[in-house]
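Summary of structural features
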Amino acid sequence: MPLPSPSRPADRRGGGLSNAITGAAITGAAAVRLLPWFSGLPVLLALPVLMALIAPHAAAAAAKEATPAAVPTPAAAPLFQEVAPTVSGLNFTHRLDPDHPQAYLYHSGFACGGVCVGDVNGDRRPDVIVVSGPDANAVFLNQGDLQFTRVEKSEVSTSNDWSISASLADVDSDGDLDLHVCNYDSPNQLFLNDGAGNFTEKGFAAGLAMIAPSLASYFSDFDGDGDLDLFVVTNRFYSPTGYPQELAWEVDAGGTPRMKDRYAPYFRLVTPPWAKAGDPPFIQEYGQPDRLFRNDGPGTDDVPRFRDITDGSGLENIDGHGLSALIFDANGDGRSDIFV
């Protein structure tokens, strides 16, 4: 349909130009028809005004048509990629054994063991040691190219203890990594390395065969004498029969409430702040104290001797349910501090 005529006749000087708008060009006659409110102005004035309004949009449209479509950027490769046990050889499972005598630990922080990594045979490749609750511990030697082989005969694998965690450190200062294993309610173990990845258990000789709910071990030179001392985080003992289903305490000959002997390793009597006179005592699970051992150097058999120095260290009255620790210089004085 033709556009309505303006109130004034169009200037015939623009009549010989095309009415079409193509790109950024526009004729004077078209300007007058498209903008009737400019009918009182000369066509030559209407044309620059209209071009100023339309030109930016037309130029943008032309640029958009001329710009080639952007090529999609390929997705970045993931930072980590899982290597299947069938490929690496690190085939180890923390098995669930409901018939195990210590199966009551599955609901606790002692449910499964841990892992540590270090070069144990001197070939400058990181090896892997995994410890387990119901099954034997394992040593995996690194063959290169993410290929590992399990050591079939190792003293590390002969234990029947419920192992929780392991740590590698040069405990006897002979230049190779030795292994410390935390066990639940059985002696902790110290395996000395001959440098070729052959381990010999020396926990009793070293004075480290503590029996506790041990959870994690940390070696550091706490006394600044040049050898590694040991800090052990403990948690609590768990009752094999769970929470008492009977009255767990009794009154002794002096009239004082006390825990019955069979519950004493797991629970204690406490008086909360809100208790009133005459209220029965409350029972509470309680954590064991963490332990600090000082390395006093090797004996005549070259096995390092450790002394329990927890009493008097400032740690003797801390009996929370420890889960982990961090050893670092918290105040910049050059000494090892402990965060639990």
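As shown above, the structure is provided for reference.
Because the structure is a prediction, the values reported are computed rather than measured. (Residues numbered from 1 in each chain as written. Predicted model: local features only at pLDDT ≥ 70, side-chain atom pairs only at ≥ 80, totals over all residues. Heavy atoms only, no water.)

This part covers the overall build of the chain. Helix and strand content of the chain: four helices and 18 strands. Within the chain, contacts between residues at least 6 apart in sequence are counted, and of these 47% link residues at least 24 apart. For the chain, the computed accessible surface area is about 20,000 Å², with 57% contributed by carbon and sulfur atoms. (Helix = DSSP H or I, 4+ residues; strand = E, 2+ residues; numbered from the N terminus. Contact = heavy atoms within 4.5 Å. Areas by Shrake-Rupley, 256 points an atom, 1.4 Å probe, with all protein chains shown as cover.)

Residue position: Gly-322 is located in the loop between strand 16 (304-308) and strand 17 (326-328). As a C-alpha pair, Gly-322 and Gln-288 span 34 residues in sequence and 8.5 Å in three-dimensional space. Those residues in contact with Gly-322 that lie beyond four places of it in its chain are Leu-215, Val-233, Thr-234 and Asn-235.

It is worth spelling out the packing of aromatic side chains at this point. If you walk through the whole model with that rule in mind, you get eight aromatic pairs. The interplanar angle of 70 degrees and the centroid separation of 6.5 Å between the aromatic rings of Tyr-266 and Phe-267 together place this pair among those described as edge-to-face. The residues Tyr-266 and Phe-267 share a single accessibility class, namely buried. Taken together, the aromatic side chains of Phe-110, Tyr-184, Phe-237 and Tyr-238 make up a single cluster linked through ring pairs. (Phe/Tyr/Trp six-rings, centres within 6.5 Å; stacked < 30°, edge-to-face > 60°. Buried < 20%, exposed > 50% of the residue type's maximum accessible area, 1.4 Å probe, protein only.)

So, about the sheet that holds strand 16. Spatially, four strands are ordered 9-10-15-16 in an open sheet, and the strand pairing comes out antiparallel. The open sheet is flanked by strand 9 (214-220) and strand 16, the only strands paired with a single partner. Ignoring which end each strand starts from, the neighbouring axes of this sheet average 25 degrees apart. When strand 15 (residues 291-298) meets strand 16, the two strands line up antiparallel, connected through four bridges. Considered in strand 16, the bridge of Pro-298 is made with Pro-304. (Pairing = 2+ DSSP bridges. Axes fitted to C-alpha atoms, helices over the stretch in contact; angles between N-to-C directions.)

Let us now look at the sheet that holds strand 6 (residues 178-183). What the four strands build is an open sheet, ordered 5-6-7-8; its pairing is antiparallel. Two strands lie at the open edges of the sheet, namely strand 5 (163-169) and strand 8 (199-201), each paired on one side alone. Within this sheet the neighbouring strands show an average axis-to-axis angle of 25 degrees, counted without direction. When strand 6 meets strand 7 (residues 189-193), the two strands line up antiparallel, connected through three bridges. Residue pairing for strand 7: Val-181 is matched across the bridge by Gln-189.

All right, on to the side chain of Ser-108 then. Structurally, Ser-108 can be placed in the loop between helix 3 (85-88) and strand 1 (115-118). Side-chain polar atoms of Ser-108 contact the backbone oxygen of Leu-105, separated by 2.7 Å. (Polar contact = N/O pair within 3.5 Å; in protein donor to acceptor, adjacent residues only side chain to side chain.)

Following the criterion strictly, the structure yields ten salt bridges and no others. Among the ionic pairs, Asp-261 bridges to Arg-258, the shortest N-O distance being 2.7 Å. Here Arg-258 falls in the partly exposed class, since its relative accessible area comes to 30%. The salt bridge partner of Arg-291 is Asp-308, with a shortest N-O separation of 2.9 Å. Taken as a pair, Arg-291 in strand 15 and Asp-308 in strand 16 lie far apart in primary sequence, 17 residues in all. For Asp-308, a relative accessible area of 36% gives the class partly exposed. (Salt bridge = Lys/Arg side-chain N within 4 Å of Asp/Glu carboxyl O.)

Right, let's talk about a nonpolar patch on the surface for a bit. Taken together, the side chains of Val-83, Val-87 and Leu-146 define a hydrophobic patch exposed on the protein surface, amounting to about 250 Å² of accessible area. For Val-83, the location among the structural elements is in the loop between helix 2 (43-66) and helix 3. Judged by relative accessible area, Val-83 falls into the partly exposed class, the value being 38%. (Patch = residues over 30% accessible without salt bridge, like charges linked within 9 Å, V, L, I, M, F, W, Y side chains within 5 Å.)

Structural measurements only, silent on function.
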